[in-house]
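Structural overview
Residues per chain are reported as follows:
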Amino acid sequence: LGEEASTGNLTEKNTRGSQTSLSPNFDKLLLSPSKVEAFARCPFLLAAPGIYGLKDLPQYDLDLDPRKRGSLLHLALEKLALDLREWSGAEWENFLMEARKSMDLDWLPESFWQAQIQALKRTLAKFLQNELGLKKNFPGRKVFGVEVPFSWKFSDDIEIRGRIDRIDIDDQGFFYVFDYKLSDRPEYALSKWLESGHLQLGIYSHILEQAIVPGLQ
């Protein structure tokens with residue numbers, strides 16, 4: 001690699017001896033909220049996979065990676081949010097069996113899968129307890145939507161697209177936005193989001209305020 005003094009672009013020599021610019025050429029950026037958050041932490045986290053095509057090599061493990069574990073949790077939380085009640089053991093077994101097939105997790109050894117199920121059930125039990133408490137204390141609140149898509153034209157050359165895990169609405173017209181995370185450290189205040197670089201909830205809140213989701217007025 002060399003550095004082209006006239007333009008500041010990184011270049012490389014191809015097999016014919018000519019130089020090819022490695023600087024990105026794009027007219028429009030299409031970003032997700034998580035990518036915006038990654039850029040806020042370190043611009044290279046966005047540039048490496050999105051512009052230069054760099055990525056980590058896959059690692060094989062007998063355990064679920066964080067993304068798969070998060071996807072499984074999201075499926076379960078979505079099901080509970082839309083039908084909030086005490087589910088029977090048989091109903092959960094059927095759901096987990098369908099989820100395992102849809103996520104191509106049949107390769108996971110049964111003992112490891114059972115360990116994942118037990119951890120998931122503990123998380124769901126806490127979630128259900130919390131949700132039933134909210135329903136009791138705020139009976140006028142209901143689920144507006146789950147996995148709600150949006151597209152926000154931030155500027156002429158930047159568009160932010162994504163899905164909001166869940167939106168609730170109460171009988172007074174107030175909206176509540178949820179972003180599910182596998183973490184024990186909740187961030188409640190907007191100032192805390194900014195200090196920690198957690199921008200997703202801020203983006204979702206702006207999306208709601210501007211009514212940039214289907215069905216909102």
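These numbers come from a predicted model, not from an experiment.

Enumeration over the complete set of coordinates arrives at 7 aromatic pairs. Between the aromatic rings of Trp92 and Phe95, the centroid separation amounts to 5.5 Å while the plane-to-plane angle is 80°, which identifies the pairing as edge-to-face. Of the two residues, Trp92 and Phe95 are both situated in helix 4 (residues 89–102); the distance of 3 residues between them amounts to about one turn of the helix. The pair Trp92 / Phe95 is uniform in exposure class, with both members buried. Considering the side-chain rings of Trp152 and Phe154, the 5.3 Å spacing of their centres and the 80° angle between planes classify their relative orientation as edge-to-face. Chaining the aromatic ring pairs together yields one cluster made of Trp87, Trp92 and Phe95. Above the face of the Trp87 ring, Arg85 is positioned so that its terminal group lies 4.0 Å from the ring centre. Directly above the aromatic system of Tyr176 lies the positively charged group of Arg141, at a separation of 5.0 Å from the ring centroid.

Another aspect to go through is helix 7 (residues 200–209). Among all positions of helix 7, only Gln200, Leu201, Ile203, Tyr204, Ile207 and Leu208 are buried. Buried residues of helix 7, viewed axially, fall in a sector of 160°; they line one side. Looking one or two residues beyond helix 7, the residue adopting positive phi is Ala211, at roughly 55°.

Turning our eyes to something else, we now look at the pattern of salt bridges. Under the criterion given, the structure shown has 9 salt bridges. Measuring nitrogen to oxygen at the nearest pair gives 3.6 Å for the salt bridge that ties Glu93 to Lys121. Taken as a pair, Glu93 in helix 4 and Lys121 in helix 5 (residues 110–137) lie far apart in primary sequence, 28 residues in all. The class for Glu93 is partly exposed, based on a relative accessible area of 36%. Classification of Lys121 as partly exposed rests on a relative accessible area of 34%. Through salt bridges that share partners, Glu131, Arg141, Arg166 and Asp168 make up one connected network.

The next point concerns the packing of helix 1 (residues 33–41) against helix 2 (residues 43–50). Each pair of packed helices can be summarised by the angle the axes make with each other and by the distance between the axes. Where helix 1 contacts helix 2, the axes come no closer than 4 Å and their chain directions differ by 125°. Classified by the interaxial angle, the pair formed by helix 1 and helix 2 is oblique. Contact residues: helix 1 offers Lys35, Ala38, Phe39 and Arg41, while helix 2 offers Pro43, Leu45 and Leu46. In terms of residue class, the contact of helix 1 with helix 2 is made up of 5 nonpolar, no polar and 2 charged.

A few words on the side chain of Glu131. Turning to its location among the elements, Glu131 is positioned in helix 5. For Glu131, a relative accessible area of 5% puts it in the buried group. The residues contacting Glu131, other than those within four sequence positions of it, are Leu84, Arg166 and Phe178.

The rules behind the values
- Residues numbered from 1 in each chain as written.
- Predicted model: local features only at pLDDT ≥ 70, side-chain atom pairs only at ≥ 80, totals over all residues.
- Heavy atoms only, no water.
- Phe/Tyr/Trp six-rings, centres within 6.5 Å; stacked < 30°, edge-to-face > 60°.
- Helix = DSSP H or I, 4+ residues; strand = E, 2+ residues; numbered from the N terminus.
- Buried < 20%, exposed > 50% of the residue type's maximum accessible area, 1.4 Å probe, protein only.
- Lys NZ or Arg CZ within 6 Å of the ring centre and 35° of its normal.
- Arc of directions from axis to C-beta.
- Salt bridge = Lys/Arg side-chain N within 4 Å of Asp/Glu carboxyl O.
- Axes fitted to C-alpha atoms, helices over the stretch in contact; angles between N-to-C directions.
- Parallel < 35°, antiparallel > 145°, perpendicular 65-115°, else oblique.
- Contact = heavy atoms within 4.5 Å.
- Nonpolar A, V, L, I, M, F, W, Y, C, P; charged D, E, K, R; others polar.

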